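# Examining the three-dimensional arrangement
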Amino acid sequence: HEKQLLEMEKEKSERLLLNILPKPIADRLKQGERHIADRFAEVTVLFADIVDFSTLANETDPEDLVTLLNELFSRFDRLAERHSLEKIKTIGDSYLVVGGLPLPRADHAEAVAEMALEMLASVRDLNSDSGINIRVRIGLNTGPVVAGVIGRKKFTYDLWGTAVNLASRMQSNGLPDRIHLSEGTRRLLRNHFKVTARGTVHCKGMGEVRSYLLDGKSGSAS
């Protein structure tokens, strides 16, 4: 009986760990690795953010607001899972997901672009289901990052690098209900997606960066 209880406890802590960390990373921690930091030559980073969130927060009952965010981000979580992408974290009303780590994959940009388009669709669905009008801005960028586990308590798997900052800038300089992407991501989308050139965005430490709007997949109505 005691053995069964132990097994159940072990399973529970296992599930909790996998809720916090990608499986390959959790496995490395369990094998005793203490400092996990890996370089990835090329991943695609997506930031999504609710437009004018502070107004929404001021006009909404706190419990309703949390319920709404939970519903929205849960929909995003399901999309990330379906596309085998790694959700990194939510920060307030921002959502961060990445393709190409902890296991590298060749089609990371395409998978993230597909998820981005589906995120916009799921926001539209949520709005019509709930009678509210949430609008999101989404930014994508591709480049090298360092990813690793930080902290001893409430630890997180997180990423760093200019590529992450640029994805964040793509989001903050984007348009409501549109997907804004950098030249680096556009190059990898090749002929599978339709994009419109948008000009340049000024990025700290990088100067002017060319940017595009993602209109949809090629051969499909946007």
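The structure under discussion appears in the preceding block.
Before going further, it helps to examine the overall build of the chain. Assigned secondary structure in the chain consists of seven helices and eight strands. By the compact-globule yardstick of 17 Å for 222 residues, the chain fits well, its C-alpha radius of gyration being 19 Å. Overall, the chain is about 65 × 45 × 35 Å in size when its C-alpha atoms are taken along their principal axes. Residues classed as buried in the chain amount to 43% of the 222 residues present. In the chain, the share of contacts with a sequence separation of at least 24, taken over all contacts with a separation of at least 6, comes to 65%. As displayed, the chain offers around 12600 Å² of accessible surface, 50% of which is attributable to carbon and sulfur atoms. With 31 positive and 31 negative side-chain charges, the chain shows a spacing of 5 Å between the two charge centroids.

On the secondary structure map, Thr156 appears in strand E5 (residues 156-160). When the C-alpha atoms of Thr156 and Leu21 are compared, they prove to be 7.2 Å apart, with 135 residues separating the residues in sequence. If we skip the residues at most four places from it in the chain, Thr156 touches Leu21, Gly148, Val149 and Ile150.

Below, the discussion takes up the pattern of salt bridges. On inspection of all chains with the given rule, the structure shows 18 salt bridges. Residue Asp49 pairs with Arg137 through a salt bridge whose shortest N-O separation is 3.4 Å. Here Arg137 lies in strand E4 (residues 136-150) and Asp49 lies in strand E1 (residues 37-50), a separation of 88 residues in the sequence. Here Asp49 matches Arg137 in class, with each residue buried. A salt bridge links Asp107 to Arg105; the nearest nitrogen and oxygen atoms lie 2.7 Å apart. We classify Arg105 as partly exposed; its relative accessible area is 25%. Members of the salt-bridge network, linked through shared partners, are Glu14, Lys23, Asp27 and Lys30.

Before going further, it helps to spend a moment on the layout of surface pockets. Put simply, the largest pocket is a space of about 560 Å³. As for the largest pocket, its lining consists of 20 residues, and the residues nearest its centre are Leu18, Asn19, Ile20, Glu86 and Lys87. Listing elements by their share of the lining of the largest pocket, those giving two or more residues are helix H1 (2-20), helix H2 (23-30), helix H4 (62-82), strand E2 (86-91) and E5. Broken down by element, the residue count for the lining of the largest pocket peaks at five residues, all from E2. Counted by class, the lining of the largest pocket contains ten nonpolar, four polar and six charged residues.

Attention shifts here to the pairing of strand E6 (residues 179-182). On E6, burial covers both faces: Ile179 and Leu181 on one face and His180 and Ser182 on the other are all buried. Pairing analysis gives three bridges linking E4 to E6, with the strands arranged parallel. Each bridged residue has a counterpart across the sheet, and for Leu140 the counterpart in E6 is Leu181.

Before going further, it helps to examine H2. Those residues of H2 not exposed but buried are Ile25, Ala26 and Leu29. An end-on view of H2 places all buried positions within 100 degrees of arc, on one side of the element. As for H2, its buried residues are in contact with H1, E1, E4 and E5. Gly32 lies just past H2 and shows a positive phi near 100 degrees.

Looking down a regular strand, the side chains alternate between one sheet face and the other. Two elements, strand E7 (residues 193-203) and strand E8 (residues 207-217), share ten bridges in a ladder whose sense is antiparallel. Paired with Gly199 across the two strands is Ser211, which belongs to E8. Here E7 hands over to E8 after three residues, with Gly205 in that stretch at a positive phi of 80 degrees.

What counts, and at which threshold
Residues numbered from 1 in each chain as written. Predicted model: local features only at pLDDT ≥ 70, side-chain atom pairs only at ≥ 80, totals over all residues. Heavy atoms only, no water. Helix = DSSP H or I, 4+ residues; strand = E, 2+ residues; numbered from the N terminus. Rg over C-alpha atoms; globule rule 2.2 N^0.38 Å. Buried < 20%, exposed > 50% of the residue type's maximum accessible area, 1.4 Å probe, protein only. Contact = heavy atoms within 4.5 Å. Areas by Shrake-Rupley, 256 points an atom, 1.4 Å probe, with all protein chains shown as cover. Lys, Arg positive; Asp, Glu negative; His and termini not counted. Charge placed at Lys NZ, Arg CZ, Asp CG, Glu CD. Salt bridge = Lys/Arg side-chain N within 4 Å of Asp/Glu carboxyl O. 1 Å grid on protein atoms, 1.4 Å probe; cavity = no way out; pocket = protein on both sides within 12 Å on 5 of 7 lines; lining within 4 Å. Points joined across faces, edges and corners; volume = space filled by probe spheres on them. Nonpolar A, V, L, I, M, F, W, Y, C, P; charged D, E, K, R; others polar. Pairing = 2+ DSSP bridges. Arc of directions from axis to C-beta.

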